Amino acid sequence: MFTIVVASIIILLVSMLLMGIKIVLKKDGRFPDTHIGSNPSMRKRGISCAATQDFEAGRRKNIFEIDKRVITK
């Protein structure tokens, strides 16, 4: 059991080190932006991320919303 835990920790450390090498050696040193909203071909097709769609849906008036002023009369 102990050997499995140690092997798992070593694998995790090596993988994190290998991912970090790209950041250190690259000129700008950043991970690539994989967000859907920053992809030009996705924007051209009108595709956005779920968080953006939820935000835009919340800004529109809900046509099925019950007017609370009518109920309180």
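As the structure is a prediction and not an experimental result, all values here were calculated from the model. (Residues numbered from 1 in each chain as written. Predicted model: local features only at pLDDT ≥ 70, side-chain atom pairs only at ≥ 80, totals over all residues. Heavy atoms only, no water.)

Caption draft 1: Representation of the overall build of the protein in the model. A tally of helices and strands in the protein yields 4 helices and 0 strands. Each helix (α) and strand (β) of the protein, taken in turn from the N terminus, gives the series α-α-α-α. Out of the 73 residues in the protein, the part that is buried amounts to 1%. Of the roughly 7300 Å² of accessible surface on the protein, a fraction of 66% belongs to carbon and sulfur atoms. (Helix = DSSP H or I, 4+ residues; strand = E, 2+ residues; numbered from the N terminus. Buried < 20%, exposed > 50% of the residue type's maximum accessible area, 1.4 Å probe, protein only. Areas by Shrake-Rupley, 256 points an atom, 1.4 Å probe, with all protein chains shown as cover.)

Caption draft 2: Structural detail: a nonpolar patch on the surface. A contiguous nonpolar surface patch, about 920 Å² in accessible area, is contributed by Phe2, Val6, Ile10, Val14, Leu17, Leu18, Ile21, Val24 and Leu25. Along the chain, Val6 falls in helix H1 (residues 2–25). (Patch = residues over 30% accessible without salt bridge, like charges linked within 9 Å, V, L, I, M, F, W, Y side chains within 5 Å. Salt bridge = Lys/Arg side-chain N within 4 Å of Asp/Glu carboxyl O.)

So yeah, pure geometry; function would need other evidence.
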